[in-house]
Amino acid sequence: MAKSSADDEELRRACEAAIEGTKEKIVMSIRVAKSRGIWGKSGKLGRHMAKPRVLALSTKSKGQRTKAFLRVLKYSTGGVLEPAKLYKLKHLSKVEVITNDPSGCTFMLGFDNLRSQSVAPPQWTMRNIDDRNRLLLCILNICKDVLGRLPKVVGIDVVEMALWAKENTPTVTTQRNLEDGPVVTAVTESDLKVTVEKELVSQAEEEDMEALLGTYVMGIGEAEAFSERLKRELLALEAANVHAILESEPLVDEVLQGLEAATNCVEDMDEWLGIFNVKLRHMREDIESIETRNNKLGMQSVNNKSLIEELDKLLERLRVPSEVKEKRAELEKLKSTFVRRASDFLRNYFASLVDFMISDKSYFSQRGQLKRPDHADLRYKCRTYARLLQHLKSLDKNCLGPLRKAYCSSLNLLLRREAREFANELRASTKASRNPTVWLEGSTGPGQNVNNSDTSTVSEAYAKMLTIFIPLLVDESSFFAHFMCFEVPALVPPGGVSNGNKAGSNDDDDDDLGILDIDENDDGKAGNDSVELVALNESLQDLLDGIQEDFYAVVDWAYKIDPLRCISMHGITERYISGQKADAAGFVRLLLDDLESRISMQFGRFVDEACHQIERNERNVKQTGVLSYIPRFATLATRMEQYIQGQSRDLVDQAYTKFVSIMFVTLEKIAQTDPKYADIFLLENYAAFQNSLYDLANVVPTLAKFYHQASEAYEQACTRFISMIIYYQFERLFQFARKIEDLMYTISPEEVDSFPTWIVQNGSSEDAKIQFIWC
């Protein structure tokens, strides 16, 4: 029989060292394997990964009392035992041997003071049955001697334990209470046998069991006969049990209730298994991730080893002269050779990376599928040589110029291809009805309705273009500045947002190179910043130049569908411009400024064309009533207000100023074509202007200003019209009054009395009427 770990003195000393200072004495220590399970259900759940542990039984004396403990010890990273858990044996209520384990070496210990009984208790697996029996017997003996009671034993026959105790004579350490205190002593097989037999079964019970076993001695000798006898007895027992159950209806009901309860338990178990399967799947994924990282680390280790070997071979080939001048010349030659070869390698490497991505169509947007550009893998591969670039910079700063141009040239092809494919698919996948560009044309008739179809998808498409590519371009600019060793301040921090709600940012911080400047020096750094910044902006121009054409194409496409969408696009662009603060994104700011100018230019074209439409009303031969462009301008202004976003208020107000100025000038010119009815014409149109813009003028300051201007013009036209009516009705009376006023300057005072007679004699019939009225 193999030596048990219970007899391992070295293990005992290690356990004593682990609990040194606790005043406890080790009674037994044994190696076990720890796993998890649930009472009576371990067969269905399966075990977790077993962990090596050491179980140690210890006692501690305090006066006349002795306490017994079960300690669980684990191995630290250095292979030293350290305490893990402590159980008091006075709380031990149950010892259960797992019947599902064919070896019988696995058992569980139940303690009645555990906080959560729903937590699966640990399972302890021994190397063999002998070790299991040694430990359990020691636990039972300590419980009997120290605590005066035995826990419940499940899954093992006490007779089997007694028989094993008779056949084996291990030296087991136990503890007894003497007058001077507890003393640890060693007991032999005979003492243990007596203890086991005395404590587990009584003499009468042992005799009954021997008699029972004796009745089967004859049958056991003949295997087939004994098997047939057991089958017959089993069938008879089952028949008797079934008959007894069927005789009693309450018992049947209890069985049905038990079956229903068992069904519920099975359903609960099925839910638990589903939960455990999900947890196991997640655990498998975590394990696969860990294995992947381990494989990468292993590959890195192999590569590092190979690199060291190659460097050793290279160092063996190097022969540096001992003289100073020759040594310097040789080192300069080596430096120039290294810089040239490394530069050639990096140029070819950058070109090969981009060529590989361009040749794979899955990297770009395709018909029916918009593809967000992802440069994480590209940056990861480039970061591999970030340290090499640092060393090249320290060896020869001039070598970085061609490398930067090569990188910009290669990546520019990729960025332009991505932007072109994305913009084309974006336009193709956006469905929107085309709105008319003729809003204020008089020839269409005043009653014709203007198409008000929803074109919000157009501005949403433009916003998506910016949302995808502006953060990408900012990240590429920042990565380029870091990667190519530009010493410029205020770079966009890794993962920093380029606008208020940046989308598409990567969680793996692609821009963080994890490197420092080798020749970092604060002296004279301010003077070099401007030079480096100029060089960076030139390189960014090479890196991103040409991509603006695809943005222009989206703007022109949106203008053709609905010119008024320039207002919302202008606001979207302004929001992105306000988010660009870093010097590394200089070209991106220029791109956004150009986009804003392009949008303003297109909207200006629309405004100019609308003004021409207004001016064409002047060419009509006859204009009466309210001009058609006045109510249509109200509709246009309402639509424009709906499209305003962010900083596009000024753009719209400028358009209002130009529209209304042309409208009022054209209105005055048309009114002059017929002076007789000019004031009536102006009254009608200015009143219509106020009525149509009343609601908007209350919320738009610019329109409120023109509303008051129209109100003043309306009052002036009204005053002129009333004056004309009064003058037309009382023209002769006014002439008579003027004549009298003229005579008052020429006649003498004594002639005033004869003045009415003179008027009758020298005046006409009309003058007589006026005289009568005057008198």
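The rules behind the values
Residues numbered from 1 in each chain as written. Predicted model: local features only at pLDDT ≥ 70, side-chain atom pairs only at ≥ 80, totals over all residues. Heavy atoms only, no water. Disulfide = S-S within 2.5 Å. Buried < 20%, exposed > 50% of the residue type's maximum accessible area, 1.4 Å probe, protein only. Helix = DSSP H or I, 4+ residues; strand = E, 2+ residues; numbered from the N terminus. Expected span 1.5 Å × (residues − 1). Polar contact = N/O pair within 3.5 Å; in protein donor to acceptor, adjacent residues only side chain to side chain. Contact = heavy atoms within 4.5 Å. Axes fitted to C-alpha atoms, helices over the stretch in contact; angles between N-to-C directions. Parallel < 35°, antiparallel > 145°, perpendicular 65-115°, else oblique. Nonpolar A, V, L, I, M, F, W, Y, C, P; charged D, E, K, R; others polar. Pairing = 2+ DSSP bridges. Salt bridge = Lys/Arg side-chain N within 4 Å of Asp/Glu carboxyl O. Core = buried A, V, L, I, M, F, W, Y, C linked by side-chain atoms within 4.5 Å. Patch = residues over 30% accessible without salt bridge, like charges linked within 9 Å, V, L, I, M, F, W, Y side chains within 5 Å. Areas by Shrake-Rupley, 256 points an atom, 1.4 Å probe, with all protein chains shown as cover. Lys, Arg positive; Asp, Glu negative; His and termini not counted. Charge placed at Lys NZ, Arg CZ, Asp CG, Glu CD. Phe/Tyr/Trp six-rings, centres within 6.5 Å; stacked < 30°, edge-to-face > 60°. Lys NZ or Arg CZ within 6 Å of the ring centre and 35° of its normal.

Trainee: Could you clarify how one ought to interpret the state of the cysteines in this entry?
Mentor: Under the criterion given, the structure shown has zero disulfides. Left unpaired, C138 is separated from the closest cysteine sulfur, that of C143, by 9.5 Å. On the basis of relative accessibility, which here comes to 2%, the residue C138 falls in the buried class.

Trainee: Quick question: what am I supposed to make of helix 3 (residues 129-147) here?
Mentor: For an α-helix the count is 3.6 residues per turn, leaving residues at separations of three or four pointing the same way. Over its 19 residues, helix 3 runs 26 Å from end to end, which matches the ideal 27 Å to within 8%, given 1.5 Å per residue. Among the 19 residues that make up helix 3, 14 are buried, leaving the element largely enclosed by the rest of the structure. The residue sitting at the N-terminus of helix 3 and contributing the capping side-chain oxygen is N128; that oxygen lies 3.2 Å from the backbone nitrogen of D130. G148 sits one or two residues past helix 3 and shows a positive phi near 75 degrees.

Trainee: Please explain the environment of I567 as it appears in this structure.
Mentor: Its place among the elements puts I567 in helix 17 (residues 565-579). Each C-alpha atom, one on I567 and one on V652, is 7.3 Å from the other, the two residues being 85 residues apart in sequence. Once residues within four sequence positions are removed from consideration, I567 is found in contact with F603, M640, Y643, I644, S648 and V652.

Trainee: Before we go on, may I ask you to explain the packing of helix 14 (residues 456-483) against helix 16 (residues 548-561) in this structure?
Mentor: Between two packed helices, both the angle of their axes relative to each other and the distance between the axes serve to describe the pair. Where helix 14 contacts helix 16, the two axes come as close as 9 Å, and the packing angle between them is 170 degrees. It follows that helix 14 is roughly antiparallel to helix 16 by the angle criterion. From helix 14, V458, A461, Y462, M465, L466 and F469 reach across to helix 16, where they touch D550, F551, V554, V555, W557, A558 and I561. Broken down by class, the residue content of the contact of helix 14 with helix 16 amounts to twelve nonpolar, no polar and one charged.

Trainee: Looking at this structure, how should I read the sheet that holds strand 7 (residues 122-125)?
Mentor: Sheets are built from strands paired through backbone hydrogen bonds, the pairs being either parallel or antiparallel. Overall, mixed pairing links the eight strands, which are arranged 4-3-2-1-7-6-5-8 in an open sheet. Each edge of the open sheet is held by one strand with a lone partner, namely strand 4 (81-88) and strand 8 (152-154). Strand-to-strand twist across the sheet, computed as the mean angle between neighbouring axes with direction ignored, equals 35 degrees. Relative to strand 7, strand 1 (residues 25-36) runs antiparallel, the two being bridged by four bridges.

Trainee: What is the right way to look at the pattern of salt bridges in this model?
Mentor: Pairing between side chains of opposite charge can happen when their charged atoms approach one another. With the rule as written, the count across this model stands at 16 salt bridges. A salt bridge links E421 to R417; the nearest nitrogen and oxygen atoms lie 3.3 Å apart. Here E421 and its partner R417 are both found in helix 13 (residues 400-429), four residues apart, which amounts to about one turn of the helix. Assessed through its relative accessible area of 24%, E421 is described here as partly exposed. Where R598 meets D556, a salt bridge forms, and the shortest distance between an N and an O atom there is 2.7 Å. With a gap of 42 residues between them, R598 in helix 18 (residues 586-615) and D556 in helix 16 connect regions that are remote in the sequence. Taken together, the shared-partner salt bridges connect R127, D131 and R134 into one network.

Trainee: Would you mind going over the nonpolar core with me for this structure?
Mentor: Soluble globular proteins tend to bury their nonpolar side chains together. Among the nonpolar cores identified, the biggest contains 113 residues, and Y407, F603, M640, F659 and F689 are the most heavily contacted of them. Ignoring anything within four residues of it in the chain, the contact list for F689 reads I630, F633, V660, M663, F664, F706, Y707 and A710. Ranked by size, the runner-up nonpolar core spans 30 residues in total, among them L57, L89, M126 and L136.

Trainee: Mind showing me how you'd approach a positive patch on the surface here?
Mentor: A grouping of K23, K60, K62, R65, K67, K88 and K90 is seen on the molecular surface, where their side chains present a positively charged patch. Contributing elements (two or more residues each) for the positive patch: strand 2 (51-62) and strand 3 (65-75). Following the sequence through the fold, K60 ends up in strand 2. Overall, the relative accessible area of 31% leaves K60 in the partly exposed class.

Trainee: Hey, could you run me through the pairing of strand 4 in this one?
Mentor: Moving residue by residue along a regular strand, the side chains alternate between the two faces of the sheet. Relative to strand 4, strand 3 runs antiparallel, the two sharing seven bridges. Bridge assignment links F69 to a residue of strand 4, and that residue is K88. The antiparallel pairing of strand 3 with strand 4 creates a hairpin that spans five residues between the two strands, and G79 there sits at a positive phi of about 80 degrees.

Trainee: Which parts of the structure should I look at to understand unusual backbone geometry?
Mentor: A negative phi angle characterises most non-glycine residues, just as the trans form characterises most peptide bonds. Here K23, not a glycine, exhibits a phi torsion of approximately 60 degrees, which is positive. Within the element layout of this structure, K23 appears in the loop between helix 1 (9-18) and strand 1. Classification of K23 by relative accessible area gives exposed; the value is 72%. With a phi close to 65 degrees, C485 is a non-glycine residue in the positive phi region. Structurally, C485 can be placed in the loop between helix 14 and helix 15 (525-544). On the basis of relative accessible area, C485 is assigned to the buried category, the value being 1%.

Trainee: Just to check I follow, could you spell out helix 12 (residues 386-395) for this structure?
Mentor: The complete set of buried residues in helix 12 reads A386, L388, L389, Q390, L392 and K393. Each element contacted by the buried residues of helix 12 is listed here: helix 10 (324-359), helix 11 (376-383), helix 13 and helix 14.

Trainee: Help me understand the pairing of strand 1, please; the structure alone is not making it clear to me.
Mentor: The sheet contact formed by strand 1 and strand 2 spans nine bridges and is antiparallel. Its bridge partner lying in strand 2, R31 is registered against V54.

Trainee: Sorry, what's going on with the packing of helix 10 against helix 13 here?
Mentor: At their nearest, the axes of helix 10 and helix 13 sit 9 Å apart, and the two run at 0 degrees to each other. By the angle between their directions, the pair helix 10 and helix 13 is classed as roughly parallel. Each of S343, L346, R347, F350, A351, V354, M357 and I358 in helix 10 lies in contact with helix 13, whose residues at this interface are P402, L403, A406, Y407, S410, L411, L413, L414 and R417. By residue class, the composition of the contact of helix 10 with helix 13 is 13 nonpolar, two polar and two charged.

Trainee: In this structure, what is going on with a nonpolar patch on the surface? I would like to understand it.
Mentor: Side chains of W272, I275, F276, L280, M283 and I287 sit close together on the surface and give an oily, nonpolar patch of about 520 Å² of accessible area. A residue is classified by how much of its surface remains accessible, and M283, at 41% relative accessible area, is partly exposed.

Trainee: Sorry, what's going on with the packing of aromatic side chains here?
Mentor: Two aromatic rings are characterised by how far apart their centres lie and by the angle between their planes. What the rule picks out here adds up to 20 aromatic pairs. Ring geometry for F350 and F483: centres 6.0 Å apart, planes at 70 degrees, overall edge-to-face. With a gap of 133 residues between them, F350 in helix 10 and F483 in helix 14 connect regions that are remote in the sequence. The same class applies to F350 and to F483, which are both buried. Aromatic side chains F664 and F689 sit 5.2 Å apart centroid to centroid with 70 degrees between the ring planes, which places their arrangement in the edge-to-face category. Note that F664 is positioned in helix 20 (residues 649-672) and F689 in helix 21 (residues 678-692), a separation of 25 residues in sequence. Taken together, the aromatic side chains of F345, Y349, F350, Y385, Y407, F479, F480, F483 and F486 make up a single cluster linked through ring pairs. Directly above the ring of Y643 sits R565, whose terminal nitrogen or CZ lies 4.0 Å from the centroid. Positioned above the aromatic ring of Y552 is the side chain of R598, whose terminal nitrogen or guanidinium carbon lies 4.7 Å from the ring centre.

Don't take any of this as a statement about function, it's just geometry.
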